Amino acid sequence: MSEYEMHVCIFAEVVMDKWNELRTAYKLAQLKTLSATAQALSVHRSTVMRHVDALEENLGVTLFQRNDKGYIPTEAGLEIMRLGEVTDSQFSQLTARLRTKEQTLAGKITITCVAEIAGMLMPSIKQYQCQHPKMRVDIIGDLRNFNLEYGEADLAVRVGSKPETPDNVPFSLSEIKLALCASKNYIEDFGMPDERELAQHKFIALKDRPEHLLWNEWIYHHVPEENIVVLASSQQILTHALFAGCGIGVLPQEMIDNNRDLVALPLGEEWSIPVWALVHRDMVKMPKIRKFVDTLLAQEKWAVDLF
């Protein structure tokens, strides 16, 4: 490898970590004077000199001949100018592509939520994709809280108390009112329960016991273990069991009110569970995320589909 070729390789290696100095040298090779270069880069003349001196020291070559007419690039300086032109052009093209991509919102957004409330998001997802047809929405339905800080998801929809994690920004979406109920078939078979007769009735509950599902914990704490006759891994399964008359369970109040096959139970217990959208603070201003959050916040009606 010739000395000239070796210099070219060195130049390429320092492009990324010495871009400020390289850009200064590139502009100086174009404009020839400290004053013109400083003005073009909006820096002080001393900054231009410092960048050039540092780059020459790092590369071990002389980039400019200094004389009363200004700074005349050497062969190495001309190579810096050519490399700078290519790099500057690539950066400009990259910036344009990224801006275009953000404006058109092409790509994907990943959302995590418990499967039972995924139905709440569908009107917003439909509207979002109508407005931005090049966006794909990936939904992860899981009880586990995925970590936004490590990029496991772009946005989380969670129920329960307001999230207090310092690196995430919460948005209040809705409130789900829940109440105990049973199917008419169950009432016909076992009668209408009251608070003093819980031990005489059958209940259904989730097998897993996440702390934020207060209604599920209420059943475990107030009903004898032998009276919890159906345990399931998902709310959808419990809903089917409830409609089949297997036992008493909990559903959204709106769903109870709008279904003739369900009977609200006057046991004095109901729950109000807030729903939150959660975005990492470093991602909240990204157009694809901000626009989806805005769509969620503008959604007029929220309903939980448990089937």
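Above this text sits the structure in question.
Conventions adopted
- Residues numbered from 1 in each chain as written.
- Predicted model: local features only at pLDDT ≥ 70, side-chain atom pairs only at ≥ 80, totals over all residues.
- Heavy atoms only, no water.
- Helix = DSSP H or I, 4+ residues; strand = E, 2+ residues; numbered from the N terminus.
- Buried < 20%, exposed > 50% of the residue type's maximum accessible area, 1.4 Å probe, protein only.
- Areas by Shrake-Rupley, 256 points an atom, 1.4 Å probe, with all protein chains shown as cover.
- Salt bridge = Lys/Arg side-chain N within 4 Å of Asp/Glu carboxyl O.
- Axes fitted to C-alpha atoms, helices over the stretch in contact; angles between N-to-C directions.
- Parallel < 35°, antiparallel > 145°, perpendicular 65-115°, else oblique.
- Left-handed = near helix turned anticlockwise from the far one by under 90°.
- Contact = heavy atoms within 4.5 Å.
- Nonpolar A, V, L, I, M, F, W, Y, C, P; charged D, E, K, R; others polar.
- Core = buried A, V, L, I, M, F, W, Y, C linked by side-chain atoms within 4.5 Å.
- Pairing = 2+ DSSP bridges.

1. Some words on the overall build of the chain
- Across its full length, the chain carries 11 helices and 11 strands.
- Out of the 307 residues belonging to the chain, those deemed buried represent 44%.
- A total accessible area of about 17000 Å² is found for the chain, and carbon and sulfur atoms account for 50% of it.

2. Quick word on the pattern of salt bridges
- For the structure on display, the rule yields nine salt bridges.
- In this structure, Asp138 and Arg136 form a salt bridge, with 2.8 Å as the shortest nitrogen-oxygen distance.
- Judged by relative accessible area, which is 47%, Arg136 ranks as partly exposed.
- Notably, a salt bridge pairs Asp154 with Lys288, separated by 3.7 Å at the nearest N-O pair. Note that Asp154 is positioned in the loop between β4 (135-141) and β5 (155-159) and Lys288 in helix α11 (residues 287-298), a separation of 134 residues in sequence.
- What makes Lys288 buried here is its relative accessible area of 19%.
- Because the salt bridges share partners, they merge into one network encompassing Asp53, Glu56 and Arg66.

3. Observations concerning the packing of helix α2 (residues 19-31) against helix α3 (residues 34-41)
- At a minimum axis distance of 9 Å, the contact between α2 and α3 shows a crossing angle of 130°. In terms of their interaxial angle, α2 and α3 are classed as oblique. With respect to the hand of their crossing, α2 and α3 are arranged in right-handed fashion. Residues Arg23, Thr24, Lys27, Leu28 and Leu31 of α2 form the contact with α3, whose own contacting residues are Leu34, Ala36, Thr37, Ala40 and Leu41.
- Along the lines of polarity and charge, the residues of the contact of α2 with α3 split into six nonpolar, two polar and two charged.

4. Observations regarding the nonpolar core
- Among the nonpolar cores identified, the biggest contains 60 residues, and Ile117, Val157, Leu180, Trp215 and Ile219 are the most heavily contacted of them.
- Here this core takes eight residues from strand β6 (residues 168-183), the largest share from any one element.
- Discounting chain neighbours no more than four positions away, the residues touching Ile117 are Val157, Val159, Ile176 and Val275.

5. Considerations on the pairing of β5
- In terms of burial, β5 is largely enclosed, as five of its five residues are buried.
- Alternating residues of β5 divide into Leu155, Val157 and Val159 and Ala156 and Arg158, and every residue in both groups is buried.
- Sheet analysis places strand β3 (residues 107-113) next to β5, joined by three bridges and oriented parallel. Paired with Thr112 across the two strands is Ala156, which belongs to β5.
- Where β5 lies against strand β11 (residues 270-280), four bridges are found, and the strand directions are antiparallel. Counterpart to Arg158 in the pairing with β11 is Trp276.

Taken by themselves, the reported measurements are silent on function.
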